[in-house]
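# Coordinate analysis (summary)
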Amino acid sequence: MSTKRVIVDPITRIEGHLRIEVEVDENNVIQDAFSSATLWRGLETIVKNRDPRDAGFLMQRICGVCTFSHYRAGIEAVEDALGIVPPLNAKLTRSLMNQALFMHDHVVHFYHLHGLDWVDVVSALDADVAKASKEAFKYTKYPIATGENDLLKVKDRVKAFVDKGELGPFANAYWGHGTFKFTPEQNLIALSHYLKALEVQRTAAQLMAMFGGKQPHPQSLTVGGVTCVMDLLDPSRMGEYLTKYKEVANFIEHAYYADIKMAGGAYLKEGSVTAQAGTMNFMSHQMMELNRSEYLFDTGIILNGDLSKVYPINEDLITEEATHSWYADNEPLHPYNGKTNPNYTGLKDKMTVGPDGKEIPSKSLDDQGKYSWIKSPRYDGQVMEVGPLSCLLVSYAKGNTKVKAVVDEFLQETGLPTEALFTALGRTAARCLQAMAIIRNGMETFNTLIENLKVDQETCASYHIDKDKEYKGRFIGDVPRGMLSHWVRIKNGVIENYQAVVPSTWNAGPTDSKGQKGPYESNLIGLKVEDISKPLEIIRIIHSFDPCIACAVHVMDKKGNNLGVYKVDPIYGCSC
C-alpha cells in the first residue's frame, strides 16, 4: 500500500513548538503518525546546584501559560522533601489561585486556541441575527452577548475585516472546510463569545494577580506558605475577588457551557471528533482543596476505558524513556533518577505533500530513530492519557458526587451517551465540565478561608534545611492540562537532581521501545482527512489536548544548520 507523508509544522494556537507528521493512504486515511517537540526546554539542568527555595521561581518559567502550575509544583516538591506542612490558610489561598488559573485557562483554550477548529468565522457573515439571537436561548436561559444588537455589531466587525481584504486574527484558516458543522447562526453566536471572552479572560487573570501579585508569573508562593497575608486580611480585597469570581463564573455557565452543548448537538455525527480515543488508559491525581480534608477532584487510573474499576497510583511505577527522543540515555528511569542529556540527531530527507497537494523534497522526522525533544512517560510500562478528560473520568468512576452531577447533567441535556466522553468531542467538553465543577463548588474554598482567618492568621510554616542531610520529594497533582509532577533531590543544601514530568509529555511523547504510541499519535491513526492540503481534522484533534510544548532554550534551523551552542554556567546556573 502506497502512502504519502504530510507535515503539519508548526501546530499553531498552542504554547510552544509542535510538529506533527502523518502517513496517509490513497483514501487519505492516516496509517501512522509522529509527534515531535522541536525545541528543548532544559530548565531541569539550569535548576541544578541552586538553593531549593529557588526551584519554584525558576521552574515557573517553563511556561508563560501554566506559570502558576509549575511555580506551585516547584514549591511543593521542595516542601515534600523537607517535610513541611503549610498552614491551612496557605493551602486554601493556593487553591483559590489554582481555581482562577483553571477558569482562565479553559476559557482561553476553547475560544482563542481551539474554538476556530469548530467555528467557521466566514460562515457567520451569512447568519440571520434575529434567528441567531433566538437560537442562543436553546442552550441557556440567560444568553450572554447574543442580543440582536450584539450580534449585528459582531457581524459588522468581521465584515469590515473582509471588506479590507483581510481577516485579521481570523486569517489563514480553513474556512468553508467540509467538517465544519455549525449553522451560520451558531457560528455567529460562538464568534460573539470569542470576542467577549477576550474581556472575561482579563478578569480571570486579575483573580490570580490579586493573591499572586501579578499574572503571569505570580510571586506570592514561598516554601512554607504564602506571602500575600495583607491581601487576605483586607475585606475589600476579598470582596473584590468574590465579585470578579462571579463575573467569570457567569460567563462559563451561560456562554462557554452553552457553546459546548451547542457543539455536542452539531458535531454528533462528525466522525473526526466522535471516533473512540486511540488511548483508553486514563490517569489523574487529586487537586483543588475545598476545605481541611476534601479535594474536588480524585486520584486514580482507568484501564481500557472500564469505568467500573479505578486503580490506585503507585508512584514507583512512573518512568520516562528516550528511545525516540533526542537524549543520550534511552532506558526507562524513575523521575528521581532521570537524566536530561541532549543528543540531537537531526532530520532526514524525504518526499512530503506540499501546500498544493503535490509531493516536494523536505526535511522530515527520522521516525526509525530519534525525533522529539519530549520523552516517553509510562506507568507500569503502559501509555496513559492525562488531562481534564482523565480527571473527570476518574472522579466520575469513583462516584464523586460533585463531578457526577456536572457530567450527568451534560449527558442528559445533550442526549450523548457516556461513550461520547471517550472522543475528541468529549475531551473538549471535559475542559468546560471541569470549569463548571469548579464554579459550582469553588466558593466552599473561599468561605472556608474566610472562616479560618477569623481564628487563625498564620500563612507560613517555619523550617530548617540541614546541609548534612539528603532529601527527596515530589509534587503530583492535576493542572489545567492534566497530571503534573516535579521530582527533586537535595544534597549539601542545593538541588542535586530535578525532573518535571508535564502533562503534554504524557500525551505528546513519541513511540516507546515497545512500539507503543503516545496519545497524540494513537489518536490520529485511522483518521480520514478530507483534504490533505488542509488538514483541519489533525489540528482539531491535537488541539483537543491543549498542547503546551513549553519554553525552549535550544534553537534549531529548519534546514538542519547549527545556529549556536549554549551551555549552563556551573557557578551561576545561567546560559551563556
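Quick caveat: nothing in here was measured; it's all calculated off a predicted structure.

Rules used throughout
Residues numbered from 1 in each chain as written. Predicted model: local features only at pLDDT ≥ 70, side-chain atom pairs only at ≥ 80, totals over all residues. Heavy atoms only, no water. Helix = DSSP H or I, 4+ residues; strand = E, 2+ residues; numbered from the N terminus. Rg over C-alpha atoms; globule rule 2.2 N^0.38 Å. Buried < 20%, exposed > 50% of the residue type's maximum accessible area, 1.4 Å probe, protein only. Contact = heavy atoms within 4.5 Å. Areas by Shrake-Rupley, 256 points an atom, 1.4 Å probe, with all protein chains shown as cover. Lys, Arg positive; Asp, Glu negative; His and termini not counted. Charge placed at Lys NZ, Arg CZ, Asp CG, Glu CD. 1 Å grid on protein atoms, 1.4 Å probe; cavity = no way out; pocket = protein on both sides within 12 Å on 5 of 7 lines; lining within 4 Å. Points joined across faces, edges and corners; volume = space filled by probe spheres on them. Nonpolar A, V, L, I, M, F, W, Y, C, P; charged D, E, K, R; others polar. pLDDT = per-residue confidence, 0-100. Pairing = 2+ DSSP bridges. Axes fitted to C-alpha atoms, helices over the stretch in contact; angles between N-to-C directions. Arc of directions from axis to C-beta. Polar contact = N/O pair within 3.5 Å; in protein donor to acceptor, adjacent residues only side chain to side chain. Parallel < 35°, antiparallel > 145°, perpendicular 65-115°, else oblique. Left-handed = near helix turned anticlockwise from the far one by under 90°. Salt bridge = Lys/Arg side-chain N within 4 Å of Asp/Glu carboxyl O. Core = buried A, V, L, I, M, F, W, Y, C linked by side-chain atoms within 4.5 Å.

### Overview of the overall build of the chain
A count of helical and extended segments in the chain gives 17 helices and 18 strands. Taking 25 Å as the expected radius of gyration for a compact globule of 576 residues, we find that the chain reaches 24 Å, a close match to that expectation. Along the first, second and third principal axes, the C-alpha atoms of the chain reach 70 × 60 × 50 Å. Across the 576 residues of the chain, 59% fall into the buried class. Within the chain, residue pairs in contact and separated by at least 24 positions form 72% of the contacts whose partners lie at least 6 positions apart. Accessible area for the chain stands at about 22,600 Å²; split by element, carbon and sulfur atoms hold 49% of it. Side-chain charges of the chain comprise 62 positive and 71 negative groups, with the mean position of each set lying 2 Å from the other.

### Notes on the layout of surface pockets
Computed from the structure, the largest pocket encloses a volume of approximately 950 Å³. Ile-7, Val-8, Asp-9, Pro-10 and Ile-11 are the residues nearest the centre of the largest pocket, which is lined by 40 residues in total. Of all the secondary structure elements, the ones that give two or more residues to the lining of the largest pocket are strand S1 (4-8), strand S12 (348-353), strand S13 (359-364) and helix H17 (536-543). Across the lining of the largest pocket, the residue classes break down as 25 nonpolar, 9 polar and 6 charged.

### Concerning the confidence of the model for the chain
A residue-level look at the chain finds 95% of positions with pLDDT of 70 or above and a mean pLDDT of 92. Scored below 50 in pLDDT, residues 551-576 shows 41 contacts in the model against residues more than four places distant or in partner chains.

### Here we look at the sheet that holds strand S17 (residues 494-501)
Read from one edge to the other, the open sheet built from 3 strands follows the order S15-S16-S17, with strand pairing classed as antiparallel. At either margin of the open sheet sits one strand with a lone partner, and together these are strand S15 (471-479) and S17. Within this sheet the neighbouring strands show an average axis-to-axis angle of 15°, counted without direction. Direction of pairing for S15 relative to strand S16 (residues 482-491): antiparallel, over a ladder of 9 bridges.

### Details of helix H14 (residues 443-453)
Every buried residue belonging to H14 is among Thr-445, Phe-446, Thr-448, Leu-449, Asn-452 and Leu-453, and all of these are buried. Looking straight down H14, one finds its buried side chains confined to an arc of 165°; they lie on one side. At its buried positions, H14 is contacted by helix H4 (88-114), helix H8 (229-232), helix H9 (235-266), strand S8 (287-289) and helix H13 (424-441).

### Some thoughts on the environment of Asp-32
For Asp-32, the location among the structural elements is in strand S4 (residues 30-37). Note: C-alpha distance between Asp-32 and Thr-3 (29 residues apart in sequence) is 9.6 Å. Apart from residues lying up to four places away in sequence, Asp-32 is in contact with Glu-21, Val-22, Glu-23, Lys-517 and Ile-525. Within the structure, the side chain of Asp-32 is placed 3.1 Å from the side chain of Lys-517, a separation counted as a polar contact.

### Observations regarding the packing of helix H11 (residues 388-397) against helix H12 (residues 401-414)
Between H11 and H12, whose axes approach to 8 Å, the crossing angle comes to 110°. Here H12 runs roughly perpendicular to H11, going by the angle between their axes. Both H11 and H12 take part in a crossing whose hand is left-handed. For the pair H11 and H12, the contacting residues are Leu-392, Ser-395 and Tyr-396 in the first and Val-403, Lys-404, Val-407 and Asp-408 in the second. Looking at the contact of H11 with H12 residue by residue, the class counts come to 4 nonpolar, 1 polar and 2 charged.

### Topic: the packing of helix H3 (residues 67-82) against H4
Viewed as axis vectors pointing N to C, H3 and H4 meet at an angle of 150°, and their least axial separation amounts to 10 Å. Judged by the angle between their axes, H3 and H4 are roughly antiparallel. H4 is crossed by H3, and the crossing has left-handed handedness. Every residue of H4 that contacts H3 at Phe-68, Ser-69, Arg-72, Ile-75, Glu-76 and Glu-79 is listed here: Arg-94, Ser-95, Met-97, Asn-98 and Leu-101.

### A word on the pairing of S15
Most of S15 sits inside the fold, with 7 of its 9 residues counted as buried. If you look at the hairpin formed by S15 and S16, you'll find 2 residues sitting between the two strands.

### Some remarks on the pattern of salt bridges
Counting across every chain of the model gives 35 salt bridges. Across the pair Glu-253 and Arg-440 runs a salt bridge, and its minimum N-O distance is 3.3 Å. Of this pair, Glu-253 sits in helix H9 while Arg-440 sits in helix H13, and the two are 187 residues apart along the sequence. Residue classification places Arg-440 among the partly exposed residues on the basis of a relative accessible area of 36%.

### Things to note about the side chain of Asn-89
Tracing the backbone through its elements, the reader meets Asn-89 in helix H4. For Asn-89, the contacting residues outside a window of four places in its chain are Leu-449, Asn-452, Leu-453, Asp-456, Gln-457, Glu-458 and Thr-459.

### Brief notes about the nonpolar core
Grouped together as the largest cluster of nonpolar side chains are 165 residues, with contacts concentrated most on Leu-524 and Ile-538. Among the elements that take part in this core, H9 stands out by supplying 14 residues, more than any other. Here Leu-524 is in contact with Ile-20, Val-22, Ile-30, Ala-33, Ile-538, Ile-541 and Ile-542, once residues within four sequence places are set aside. Core analysis: the next-biggest nonpolar cluster, separate from the first, contains 13 residues, Tyr-336, Val-386, Ile-476 and Val-501 among them.

### Here's the deal with the environment of Asp-120
Within the element layout of this structure, Asp-120 appears in the loop between H4 and helix H5 (129-136). Given the relative accessible area of 8%, Asp-120 is considered buried. Separated by 415 residues in the primary sequence, Asp-120 and Pro-535 have C-alpha atoms spaced 15 Å apart. A distance of 3.0 Å separates the side chain of Asp-120 from the backbone nitrogen of Gly-176, its partner in a polar contact.

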